[in-house]
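# Structure at a glance
If you want the building blocks of each chain, they are given just below.
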Amino acid sequence: MADGDGRPELCQVVLDCTDARALAEFYRALLGLVYRPGDEPPEAGADDERGRDWLVLRTPGGASWLAFQQVDELPEATWPGGPVPQQLHLDLTVRSVGELRAAHERVLRLGGRLLLDRIEDEEEPLRVYADPAGHPFCVFVSTRAASGADGVDP
């Protein structure tokens, strides 16, 4: 809070999921984030107690960014229509259409899937994806794209 004025500050975005470790690994690899100390994956064959409950990813500089909360059931969003609204989505930016194409390959390689392709839009080239748990997210070209100033390497 700034000067104790009582205003809350955003700490992180929390995504419900039925496999917290798998979804955390998707976003860790996609965005270059790191686990909060103690949330790292266990050694092969060891019990993953934290991965069945709550995990936090941070920027390399230490700022909390995304958290993953394990739930028993989660209906997949049916965006853009249908009975299950997305309710929230992440907007991710890149600096050029070339970077958008590279991000596309990375998203697919990591297990995301394409929902909408507007890469040819001259005003705002974008693609909408579903992460492995079905949460929609956007990657679009913006002059405000991350510059690394927030501790996340673009």
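Residues numbered from 1 in each chain as written. Predicted model: local features only at pLDDT ≥ 70, side-chain atom pairs only at ≥ 80, totals over all residues. Heavy atoms only, no water.

## Let's talk about the overall build of the protein chain
When helices and strands are counted, the protein chain shows 2 helices and 8 strands. Its helices and strands in sequence order give the protein chain the pattern β-α-β-β-β-β-α-β-β-β, from N to C terminus. Within the protein chain, contacts between residues separated by at least 24 positions form 56% of all contacts whose residues are at least 6 apart in sequence. Just so you have it, the protein chain exposes about 9400 Å², and 49% of that area is on carbon and sulfur atoms. (Helix = DSSP H or I, 4+ residues; strand = E, 2+ residues; numbered from the N terminus. Contact = heavy atoms within 4.5 Å. Areas by Shrake-Rupley, 256 points an atom, 1.4 Å probe, with all protein chains shown as cover.)

## Notes on the sheet that holds strand β7 (residues 126-130)
Ordered by their spatial adjacency, 4 strands build an open sheet running β5-β8-β7-β6, and the pairing between neighbours is mixed. In the strand order of this sheet, the two ends are held by β5 (90-94) and β6 (113-118), each with one partner. Taken over all neighbouring pairs, the strand axes of this sheet differ in orientation by 20° on average, direction set aside. As paired strands, β5 and strand β8 (residues 136-141) are joined by 5 bridges and run parallel to one another. In the strand pairing of β8, Leu 90 is matched with Phe 137. Strands in contact with helix α2 (residues 97-109) are β5, β6, β7 and β8; relative to β7, the strand with the most contacts, it is inclined by about 10°. (Pairing = 2+ DSSP bridges. Axes fitted to C-alpha atoms, helices over the stretch in contact; angles between N-to-C directions.)

## Things to note about the nonpolar core
One finds Tyr 27, Leu 30, Phe 68, Phe 137 and Val 139 to be the most contacted residues of the largest nonpolar core, which totals 26 residues. The greatest single-element share of this core, amounting to 7 residues, is contributed by helix α1 (residues 20-31). Non-local contacts of Val 139, meaning those with residues more than four positions away in its chain, are made with Leu 92, Val 94, Leu 100, Ala 103, Pro 125, Leu 126, Arg 127 and Tyr 129. (Core = buried A, V, L, I, M, F, W, Y, C linked by side-chain atoms within 4.5 Å. Buried < 20%, exposed > 50% of the residue type's maximum accessible area, 1.4 Å probe, protein only.)

## Some thoughts on the pairing of strand β3 (residues 54-58)
For strand β2 (residues 34-35) and β3, the ladder comprises 2 bridges, and the chain directions are antiparallel. Bridge assignment links Tyr 35 to a residue of β3, and that residue is Leu 57. As judged from the 5 bridges shared by β3 and strand β4 (residues 64-70), these two strands associate in the antiparallel manner. Across the sheet, residue Trp 54 finds its bridge partner in β4, namely Gln 69. Between the end of β3 and the start of β4, which pair antiparallel, lie 5 residues, with Gly 62 showing a positive phi angle near 105°.

## A closer look at the packing of aromatic side chains
A complete count under the given rule lists 5 aromatic pairs for this structure. Where Tyr 27 meets Phe 137, the ring centres are 5.9 Å apart and the plane angle is 65°; that geometry is what we call edge-to-face. Here Phe 137 lies in strand β8 and Tyr 27 lies in helix α1, a separation of 110 residues in the sequence. Residue Phe 137 is classed as buried on the basis of its relative accessible area, which comes to 0%. Connected via pairs of aromatic rings, a cluster forms that spans Phe 26, Tyr 27, Phe 68, Tyr 129 and Phe 137. (Phe/Tyr/Trp six-rings, centres within 6.5 Å; stacked < 30°, edge-to-face > 60°.)

## Examining the pattern of salt bridges
What the rule picks out here adds up to 10 salt bridges. A salt bridge links Arg 28 to Glu 25, with the nearest nitrogen and oxygen atoms 2.9 Å apart. Remark: Glu 25 and Arg 28 occur in helix α1; sequence separation between them is 3 residues, near one turn of the helix. What makes Arg 28 partly exposed here is its relative accessible area of 29%. (Salt bridge = Lys/Arg side-chain N within 4 Å of Asp/Glu carboxyl O.)

## Observations regarding the sheet that holds β2
With mixed pairing, the 4 strands of this open sheet are ordered in space as β1-β4-β3-β2. Strands at the two margins of the open sheet, each flanked by one partner only, are β1 (13-17) and β2. The strands touched by α1 are β1, β2, β3 and β4; relative to β4, the strand with the most contacts, the crossing angle is about 160°.

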